[in-house]
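Now for the letters of each chain:
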Amino acid sequence: MNELPQQLVNGLLLGSMYGLVAIGYTMVYGIVQLINFAHGEIFMTGAFGALTVYLYILPDGTSMWLALPLMLVGAVMVSVTVAVGAERFAYRPLRTAPRLAPLITAIGLSLALQQAVWAWYPEADSPITFPEIEGGPFEIGSVTIQTGDVFLLIAAPISMAILAYFVMKTRTGRGMQATAQDPDTAKLMGINTDRIIVVAFALGAAFAAVGGVAYGLKYGEINFRMGFILGLKAFTAAVLGGIGNIYGAMIGGLVLGLAETLATAYIADVPGMEQLGGQTWANVWAFVLLILVLLFRPQGLLGERVADRA
């Protein structure tokens, strides 16, 4: 049990990354009732946007401490552009169509974005090395925090604080809450619901971009398929917390990260389950948790709070 604090920290860090991506799922669903299965690829394009800034815009040898803010700006710009373009040209024409149509479109867009990134980075068929932050690791008691995790440790709580302030205190945030509660009435009250929907896609993409940069720093490599599994896990986190609930998305991500980390670390110690431990079973336990939530508490841990569905 001496390694339990380390595993808890690992789980919280992993869950924070899931939560950042899950926010995009839950915001879009809260307003337009759409599960955007291309959101994992928006996360992936953010990581490649950051890499592009580092490789092709910044001078060679630039310190990562100086490069990281510019890489983050590049990641957000790419992800937001892709998300807003997807809303305008792929989802908006299907807003009044049966729900199956935008769902299939989202899956097709996911595959298209993968191929587009692969065409831009043919070497992405294999993992591409992501630049590392100098220094570290850092020791805090019995817990070791890798240098790549420092960014996530700082970015996740700041992102959630900014989002909470935006949704609760700004005029656009209140418009998002009203649109989520009743879009027709919101439109009658003078709220531009089309603009609100675009803002929801853009905000979700920005947080996904932060998650993409965090993924690259944490694991040291990225590839064009990275958004598929992580996107599904982020969707699991959104469902776990209560789809449509922005606070539930982050909490669901933290719960999922802890469950996945602890299961892979300790389940092999359970008699009769020795073969079910280790990192190779991480994805299995994440989706087992999703199945259990859908079976026993489909509304999620926090349920669906209408006022926060934006």
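Residues numbered from 1 in each chain as written. Predicted model: local features only at pLDDT ≥ 70, side-chain atom pairs only at ≥ 80, totals over all residues. Heavy atoms only, no water.

The protein has the name Branched-chain amino acid ABC transporter permease in an unreviewed UniProt entry, where Streptomyces tauricus is given as its organism. According to the UniProt record, the Sequence similarities (unreviewed entry) comment for the protein reads "Belongs to the binding-protein-dependent transport system permease family. LivHM subfamily." Its UniProt record gives the protein the following Subcellular location (unreviewed entry) comment, quoted word for word: "Cell membrane". (UniProt positions renumbered as here; feature names shortened; annotations may be inferred.)

S.K.: Help me understand the pattern of salt bridges in this model?
M.R.: For side chains bearing opposite charge, pairing can occur when the charged atoms are close. Tallied over the full model, the rule gives five salt bridges. Glu87 is paired through a salt bridge with Arg92; the nearest N and O atoms lie 3.0 Å apart. For Asp149, the salt bridge is made with Lys218, and the minimal N-O distance between the two is 3.2 Å. With Asp149 in helix H5 (residues 147-169) and Lys218 in helix H8 (residues 193-219), the pair connects residues that are 69 residues apart, well separated along the chain. Its relative accessible area of 6% is what places Asp149 among the buried residues. A relative accessible area of 24% means that Lys218 is categorised as partly exposed. Ionic contacts of the salt-bridge type, sharing partners, join the residues Glu87, Arg92, Arg95 and Asp194 into one network. (Salt bridge = Lys/Arg side-chain N within 4 Å of Asp/Glu carboxyl O. Helix = DSSP H or I, 4+ residues; strand = E, 2+ residues; numbered from the N terminus. Buried < 20%, exposed > 50% of the residue type's maximum accessible area, 1.4 Å probe, protein only.)

S.K.: Please explain the packing of aromatic side chains as it appears in this structure.
M.R.: The geometry of an aromatic ring pair comes down to the distance between the two centres and the angle between the two planes. In this structure the tally under the stated criterion is six aromatic pairs. With a centroid separation of 5.2 Å and an interplanar angle of 45°, the aromatic rings of Phe48 and Tyr121 are classed as tilted. Taken together, the positions of Phe48 in helix H2 (residues 39-57) and Tyr121 in the loop between helix H4 (100-120) and strand E1 (128-129) put the pair 73 residues apart, joining distant regions of the chain. A relative accessible area of 4% places Phe48 in the buried class. Overall, Tyr121 belongs to the buried group, its relative accessible area being 1%. Geometrically, the ring pair formed by Tyr215 and Tyr219 is tilted, given 4.7 Å between the ring centres and 55° between the ring planes. Of this pair, Tyr215 and Tyr219 both sit in helix H8, four residues apart, roughly one helical turn. For Tyr215, a relative accessible area of 17% puts it in the buried group. (Phe/Tyr/Trp six-rings, centres within 6.5 Å; stacked < 30°, edge-to-face > 60°.)

S.K.: When you look at the UniProt feature "transmembrane region" (unreviewed entry) in the protein in this model, what are you seeing that I'm missing?
M.R.: What UniProt calls "transmembrane region" (unreviewed entry) maps, in this numbering, to residues 12-35, 42-58, 64-86, 98-121, 150-168, 196-216, 247-268 and 280-296. As annotated, residues 12-35 comprises 88% helix and 0% strand, and the C-alpha atoms at either end are separated by 25 Å. Helix makes up 100% of residues 64-86 and strand 0%, whereas the separation of the span's terminal C-alpha atoms amounts to 31 Å.

S.K.: Explanation requested: the nonpolar core in the structure shown.
M.R.: For soluble globular proteins, nonpolar side chains are generally found buried alongside one another. Ranked by internal contacts, the top residues of the largest apolar core, which has 86 residues, are Ile23, Phe48, Tyr91, Phe151, Met176, Leu217 and Ile222. At 14 residues, H8 tops the list of elements feeding residues into this core. (Core = buried A, V, L, I, M, F, W, Y, C linked by side-chain atoms within 4.5 Å.)

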